[in-house]
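Tertiary structure, described
If you want the building blocks of each chain, they are given just below.
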Amino acid sequence: MNTAYDDAHGTDSRNLDINDPLRARIARAVAQVRATTPLAQSLTNFVTINLVANAQLAVGGTAAMHYSGEEAAALDHGASKATYINMGTLLEPFRTEYPAAARNAAEHGLPWVLDPVGAGAGELRGDILRAFAATPPTIIRCNASEAIALAGIWHLDGADARARAGVEASDEVDEAIDAAHALARFTGGVVSVSGAVDLVTDGERDFRLPGGSVWMTKITGAGCSLGGVTATYACVADPLTAAMAAALHYNRAADSAERESNGPGSFQVAFLDALWNTTADEIAQSPIYVS
Ligand SMILES: Nc1ncnc2c1ncn2[C@@H]1O[C@H](COP(=O)(O)OP(=O)(O)OP(=O)(O)O)[C@@H](O)[C@H]1O
Ligand SMILES: Cc1ncsc1CCO
Ligand SMILES: [Mg+2]
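Residues numbered from 1 in each chain as written. Chains lettered and ligands numbered in written order. Predicted model: local features only at pLDDT ≥ 70, side-chain atom pairs only at ≥ 80, totals over all residues. Heavy atoms only, no water.

**Digging into the site of ligand 1**
- Around ligand 1 sit 22 residues in total, of which Arg-141, Asn-143, Ser-194, Asp-198 and Gly-223 are the nearest.
- Within the backbone of Gly-223, an N or O atom sits 2.8 Å from an oxygen atom of ligand 1.
- Contact with the protein chains hides 90% of the accessible area of ligand 1, taken as 620 Å² for the molecule alone.
- Elements that contribute at least two residues to the shell around ligand 1 include exactly β6 (139-143), α9 (222-234) and α10 (239-260).
- It is α9 that provides the largest number of residues to the shell around ligand 1, a total of 4 residues. (Near = heavy atom within 4 Å. Polar contact = N/O pair within 3.5 Å; in protein donor to acceptor, adjacent residues only side chain to side chain. Areas by Shrake-Rupley, 256 points an atom, 1.4 Å probe, with all protein chains shown as cover. Helix = DSSP H or I, 4+ residues; strand = E, 2+ residues; numbered from the N terminus.)

The structure is reproduced here in structure tokens:
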């Protein structure tokens, strides 16, 4: 039987087998975060910093926010198991502090997650993103426009690299597929592109994750906090599992929050509650279209 998803995306994608080991790894990651409250440190924008921390706590993790390469090094020596860097609101000192934090993560062999918010806008953002190419992120979590812009900034082959500015998604996820593949090949990591149907790719396999709520676009920081939660999952799981667990956790929590709410304010509250209450099995048994 063809689903609405198949009709829209053709027949070369199929729902991942219910017994596929990836689903077990996702369920285990969800349980492990709740059991071990891992710390992912964040250097993130001033608009949505509170939602990022609250979402990390709501999935079971621990949050610590700062803007310093030195503090990143101290945390990498201590409790932090992953770093989240979000480019939303930049100040001049971040020109050196953000690449230092990325370097520290790489030197400690720890994963780091990049949200290239607004990629394509401004010299400072471009300079910092170019500096990251030396110690590339383990996971890139972005919207379609940002994936295309970042592939352009890094001059990657195969990307349709139209430089595009802006913090809200305007390209459809599928338009960013070549850019996402190029980014994954360049970093050797995973790229997670959000939208109505999310795309997670390691450059070899593409996973499309339907569901979630359009209300996510009416609260600021849905994407930023998804980046933070992706870092939380990267504390306990390999990059592909972490990106999948975070995106699926978001989709199932958003499905449930939409049923409970009647506007953006009540949606955000219901969404945090749903992050807390959604079960590991609900997350791991989600539709996952693989191609
Ligand atoms: N039309 C939609 N329908 C359902 N879910 C959506 C839709 N658009 C986005 N989402 C979900 O919202 C979350 C954030 O994705 P989005 O693409 O809005 O990020 P973003 O553009 O980086 O957001 P922001 O920068 O405002 O934080 C993801 O979980 C994604 O699945
Ligand atoms: C609205 C906004 N401006 C800078 S960062 C941010 C949050 C969404 O990325
Ligand atoms: Mg964003």
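**Observations concerning the site of ligand 2**
- By nearness alone, every residue bordering ligand 2 is listed as Asn-45, Val-47, Thr-48, Gly-88, Thr-89, Val-117, Thr-220 and Cys-224.
- Classifying every residue of the shell around ligand 2 gives 3 nonpolar, 5 polar and no charged. (Nonpolar A, V, L, I, M, F, W, Y, C, P; charged D, E, K, R; others polar.)

**Things to note about the UniProt feature "binding site: ATP" (unreviewed entry) in the protein chain**
- Residues given the UniProt feature "binding site: ATP" (unreviewed entry) here are Arg-141 and Ser-194. Taken along the chain, the residues just named run across 54 residues; in space they keep tight, none of their C-alpha pairs more than 7.6 Å apart.
- Summarising the element assignment, Arg-141 is placed in strand β6.
- Polar contacts involving the side chain of Arg-141 include one to the side chain of Ser-194, which spans 2.6 Å.
- Residue position: Ser-194 is located in strand β7 (residues 190-194).
- Once you skip the residues sitting within four places of it in the chain, Ser-194 turns out to touch Arg-141, Cys-142, Asn-143, Ala-144, Val-173 and Leu-226. (UniProt positions renumbered as here; feature names shortened; annotations may be inferred. Contact = heavy atoms within 4.5 Å.)

**Quick word on helix α8 (residues 177-187)**
- Within α8, 8 of the 11 residues are buried, which leaves it mostly tucked inside the rest of the structure.
- Those residues of α8 not exposed but buried are Ile-177, Ala-179, Ala-180, His-181, Ala-182, Leu-183, Ala-184 and Thr-187.
- For α8, the secondary structure elements touched by its buried residues are β6, α7 (144-153), β7, β8 (198-201) and β9 (206-209).
- Backbone geometry just downstream of α8 places Gly-188 in the positive-phi region, at approximately 70°. (Buried < 20%, exposed > 50% of the residue type's maximum accessible area, 1.4 Å probe, protein only.)

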